[in-house]
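Fold and contact review
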Amino acid sequence: MLPNTGRLAGRTVFITGASCGIGKAIALKAAKDGANIVIAAKTAQPHPKLLGTIYTAAEEIEAVGGKALPCIVDMRDEQQISAAVEKAIKKFGGIDILHCAYTIAKYGMSMYVLGMAEEFKGEIAVNALWPKTTVHTAAMDMLGGPGIESQCRKVDIIADAAYSIFQKPESFTGNFVIDESILKEEGIENFDIYAIKPGHPLQPDFFLDEYPEAVSKKMESTGAVSEFKEEKPQMQPKPHSGAVEETFRIVKDYLSDDVVKATQAIYLFELSGEDGGTWFLDLKSKGGNIGYGEPSDQADVVTSMTTDDFVKVFSGKLKPTMAFMSGKLKIKGNMALAIKLEKLMNQMNARL
């Protein structure tokens, strides 16, 4: 991992979401240099699904040599943000670095970075930091389901990448930094140290455009899928005709040997709500196949959502990534093959 240099000693770092996960990891990395850390987060009381509060994080930060200022901040509340900034200035004399962890589409983040980098050129450097692979956090557990952690890296990789950026000069601005790339520039060669399960294929980040062909093939060859229940559910009645059945009819018309060759996966759709039920999309068999109920072979990917969201996803009205991140779409199994399905959906949107 990237060694600490001490260059952040005495500097003040304002970090949103620093009570746990990636935010706390970045805080602890900077604190080891002797930095002042403003912990701006909502969690003041113990949460059943989130480990730690702003106060427990403050204790950890001070235990490794930093100074901490815990502030209750909801990033949607401008008054709370202003109050935290004022407290930081009063206690530490100012703010040198801001790390803002806020849910936003990568396109939106890109626009913010480009705009602010130009606006504040020569005064404040503005950069974006993205993970190359998924990073294991409480949110990932909730969205990805059992087994997702083995396909993730630790929060330490983002902490090290952020630490590298924090030490750059003001001229380093307007960059879209990928964690692995900047750490390679720092001389890091062994990235297994960041893996939850070293040697296991990793799930590419949802927002990067790079198509994960190599990762997908590696995952398929090693059988990197979550465990599925072996027992088969009872037979379900034939569904009523409706939007779901019509969607699958259009999808079936799109299938071809080329699509099957490019995908090589079986998908199971567990749909709830009106006209719900279990459907499968077999893109391993010659020519492809679609049907109601269970496929003849075990599914590589199992998705769960409402029938309304299913139709929206396949028609392009709801992006699969956003459905997944918002919890509307649950995915179990081979995540690389799930991304292949998203690519396929994008190609079919014009027909639906």
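Structure first, text after, so check above.
As a starting point, this report considers the structure included with it. All of these numbers come straight from a predicted model, not from anything done at the bench.

Cut-offs and rules
- Residues numbered from 1 in each chain as written.
- Predicted model: local features only at pLDDT ≥ 70, side-chain atom pairs only at ≥ 80, totals over all residues.
- Heavy atoms only, no water.
- Patch = residues over 30% accessible without salt bridge, like charges linked within 9 Å, V, L, I, M, F, W, Y side chains within 5 Å.
- Areas by Shrake-Rupley, 256 points an atom, 1.4 Å probe, with all protein chains shown as cover.
- Salt bridge = Lys/Arg side-chain N within 4 Å of Asp/Glu carboxyl O.
- Helix = DSSP H or I, 4+ residues; strand = E, 2+ residues; numbered from the N terminus.
- Pairing = 2+ DSSP bridges.
- Axes fitted to C-alpha atoms, helices over the stretch in contact; angles between N-to-C directions.
- Contact = heavy atoms within 4.5 Å.
- Phe/Tyr/Trp six-rings, centres within 6.5 Å; stacked < 30°, edge-to-face > 60°.
- Buried < 20%, exposed > 50% of the residue type's maximum accessible area, 1.4 Å probe, protein only.
- Lys NZ or Arg CZ within 6 Å of the ring centre and 35° of its normal.

A few words on a nonpolar patch on the surface. Together, Met 111, Leu 114 and Phe 176 make up a nonpolar patch on the protein surface, roughly 260 Å² of accessible area in all. Position of Phe 176 relative to the elements: it lies in strand E6 (residues 176–178).

What follows is about the sheet that holds strand E4 (residues 97–99). The parallel open sheet is built from four strands, whose spatial order is E3-E2-E1-E4. Each having just a single partner strand, strand E3 (67–72) and E4 make up the two edges of the open sheet. The sheet shows a mean angle of 15° between the axes of neighbouring strands, direction not considered. Note: strand E1 (residues 12–16) against E4, three bridges, orientation parallel. Within E4, the residue paired with Ile 15 across the bridge is His 99. Lying on the sheet, helix H1 (residues 21–31) is in contact with E1, strand E2 (36–41) and E4; it crosses E1 at an angle near 170°. Here helix H3 (residues 78–92) sits on the sheet in contact with E1, E2 and E3, set at roughly 160° to E3.

Under the counting rule described, the total for this entry stands at nine aromatic pairs. Summarising the aromatic geometry, the rings of Trp 279 and Tyr 292 are spaced 5.1 Å apart at their centres and angled 80° between planes, so their arrangement reads as edge-to-face. Residue Trp 279 is found in strand E8 (residues 277–283), and its partner Tyr 292 is found in strand E9 (residues 289–292); the two are separated by 13 residues along the sequence. By relative accessible area, which is 6% here, Trp 279 ends up buried. By relative accessible area, Tyr 292 is classed as partly exposed at 25%. Put simply, the rings of Phe 248, Phe 269, Trp 279, Tyr 292, Phe 310 and Phe 314 pair up and form one aromatic cluster. In this arrangement the basic side chain of Lys 29 is found over the ring face of Tyr 163, its NZ or CZ atom lying 5.3 Å from the centre. Geometry around Phe 172 places Lys 168 over its ring, the cationic atom sitting 5.4 Å from the centre.

To continue, consider the pattern of salt bridges. Inspection of the entire model under this criterion finds 11 salt bridges. Between Lys 286 and Asp 257 there is a salt bridge, with its nearest N and O atoms 3.4 Å apart. One end of the pair, Lys 286, is in the loop between E8 and E9; the other, Asp 257, is in helix H10 (residues 257–263), with 29 residues separating them in the sequence. By relative accessible area, which is 75% here, Lys 286 ends up exposed. Judged by its relative accessible area of 41%, Asp 257 is partly exposed. The partner of Lys 284 in a salt bridge is Asp 300, and the shortest N-O contact between them spans 3.2 Å. You can see Lys 284 sitting in the loop between E8 and E9 and its partner Asp 300 sitting in the loop between E9 and strand E10 (301–306), a full 16 residues away along the chain. Residue Lys 284 is classed as partly exposed on the basis of its relative accessible area, which comes to 38%. Among the residues examined, Asp 300 registers a relative accessible area of 13% and is labelled buried. Linked through salt bridges whose partners overlap, the residues forming this network are Lys 132, Arg 153, Glu 180 and Lys 184.

With that settled, the discussion passes to the sheet that holds strand E7 (residues 265–272). The five strands lie next to each other as E9-E8-E7-E10-E11, forming an open sheet whose pairing is mixed. For this open sheet the edge positions go to E9 and strand E11 (330–333), each flanked by a neighbour on one side alone. Mean inter-strand twist for the sheet, computed between neighbouring axes without regard to direction, equals 15°. Where E7 and E8 come together, seven bridges link them in antiparallel fashion. Bridging from a neighbouring strand, Ala 265 pairs with Leu 283 of E8. Packed on one face of the sheet, helix H9 (residues 243–254) meets E7, E8 and E9 and runs near 5° to E8.

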